[in-house]
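A closer look at the structure
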Amino acid sequence: MPTIGEFVRYGPNKVIVNSNTAIKDIYGRTANVQKSTAYRAFETSPTAHDTQSTVNKVAHARKRRVIGQAFSESAIRSFEDHVLEHVETFVTHLGRADVHTGKPQEKSWSPAVNIAKLCSYVSFDLMAELVFGNAFHMLELMDNRFIIDLIQVAAFRVGVCLQMPNLAVWNIDKIFTPRVRKLRDQYVGVSKRMAVDRMNMDSKRQDLFSHILAAKDPQTGKGFSLDEIWGESTLLIVAGE
């Protein structure tokens, strides 16, 4: 079999770097590399730029300074009780419930289930709790499981648009993949509604959203705009799932 070199060109302007030591040179904060416009495929909307989709290095640095505060050691430790609660629910549910109905099994052994689905449910429950302070109980109930499918479709769209950035930049994926775009937009609508509900929540609980709302850029004193908060929260849900 032919050997693959460290640099592989697979298109006129596309190169794969086959090296585990190059990650800092490419993705590090001081890297002399400009992000591709293809990253705009990750945008929630043209005005809701998140840390991942922001190409401009100065703007990206500001976002990183703000959102980084939500992931400080003290902030992460404050989430411990919420994490343990969902882990305990998962362990209790595992092997005792029907993955399709969520109802407990009366028999000592449950039928075979797809453990990947259970892991997806608990992952989303956990991230929804940590980001929005909202429990969806996907392990126990089927009502909100459709969101998982929407996320998978949104991820598929991103994968396609990363290879053909103009589909996202010119918003023409609506023409070529109308069903995919419709389901992706449905997910975006769900995430926006979750963000709005969290902002209207009269709660003093500590979650990622509360830290993002309170965080200010130490250099400018400014926090995130409403669109930026929406974009970041949508990204966190997808990343967590």
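As a reminder, the structure under discussion sits directly above these lines.
This section reports on the structure supplied with the text. Model, not experiment: these values are computed from the prediction.

1. Focus: the overall build of the chain
From N to C terminus, the chain includes 11 helices and two strands. Along the chain, helices (α) and strands (β) appear in the sequence β-β-α-α-α-α-α-α-α-α-α-α-α when read from the amino end. Counting across all 241 residues of the chain, residues that qualify as buried make up 38%. For the chain, long-range pairs separated by at least 24 residues make up 61% of all intrachain contacts whose partners lie at least 6 apart in sequence.

2. Brief notes about the packing of helix α4 (residues 80-93) against helix α5 (residues 115-132)
When two helices pack together, their arrangement is given by the angle between the helix axes and the distance between those axes. One way to put it is that α4 packs onto α5 with a least axis distance of 10 Å and a crossing angle of 160°. Classified by the interaxial angle, the pair formed by α4 and α5 is roughly antiparallel. Of the two elements, α4 crosses α5, and the hand of that crossing is right-handed. Here α4 contributes H82, V83, H86, F90 and H93 to the contact with α5, which in turn contributes L118, C119, V122, D125, L126, E129 and L130. A class-by-class count of the residues in the contact of α4 with α5 yields seven nonpolar, three polar and two charged.

3. Details of the pairing of strand β1 (residues 7-11)
Within a regular beta strand, the side chains point alternately toward one face of the sheet and then the other, so they alternate between its two faces. Where β1 meets strand β2 (residues 14-17), four bridges bridge the pair, whose relative direction is antiparallel. When the bridges of β2 are listed, R9 appears paired with V15. Between β1 and β2, which pair antiparallel and follow one another directly, the connecting turn spans two residues.

4. A short note on the packing of aromatic side chains
Any pair of aromatic rings gets described here by the distance separating the centres and the angle formed by the planes. Scanning the model with the defined rule gives two aromatic pairs in all. Note on F132 and F209: the rings are 5.8 Å apart at their centroids and 40° apart in plane angle, and the pair reads as tilted. Of this pair, F132 sits in helix α5 while F209 sits in helix α10 (residues 208-214), and the two are 77 residues apart along the sequence. As far as the burial class goes, F132 and F209 line up, both buried. The ring of Y39 carries K35 above its face, with NZ or CZ at 4.5 Å from the centroid. Geometry around W230 places K192 over its ring, the cationic atom sitting 4.6 Å from the centre.

Conventions adopted
Residues numbered from 1 in each chain as written. Predicted model: local features only at pLDDT ≥ 70, side-chain atom pairs only at ≥ 80, totals over all residues. Heavy atoms only, no water. Helix = DSSP H or I, 4+ residues; strand = E, 2+ residues; numbered from the N terminus. Buried < 20%, exposed > 50% of the residue type's maximum accessible area, 1.4 Å probe, protein only. Contact = heavy atoms within 4.5 Å. Axes fitted to C-alpha atoms, helices over the stretch in contact; angles between N-to-C directions. Parallel < 35°, antiparallel > 145°, perpendicular 65-115°, else oblique. Left-handed = near helix turned anticlockwise from the far one by under 90°. Nonpolar A, V, L, I, M, F, W, Y, C, P; charged D, E, K, R; others polar. Pairing = 2+ DSSP bridges. Phe/Tyr/Trp six-rings, centres within 6.5 Å; stacked < 30°, edge-to-face > 60°. Lys NZ or Arg CZ within 6 Å of the ring centre and 35° of its normal.

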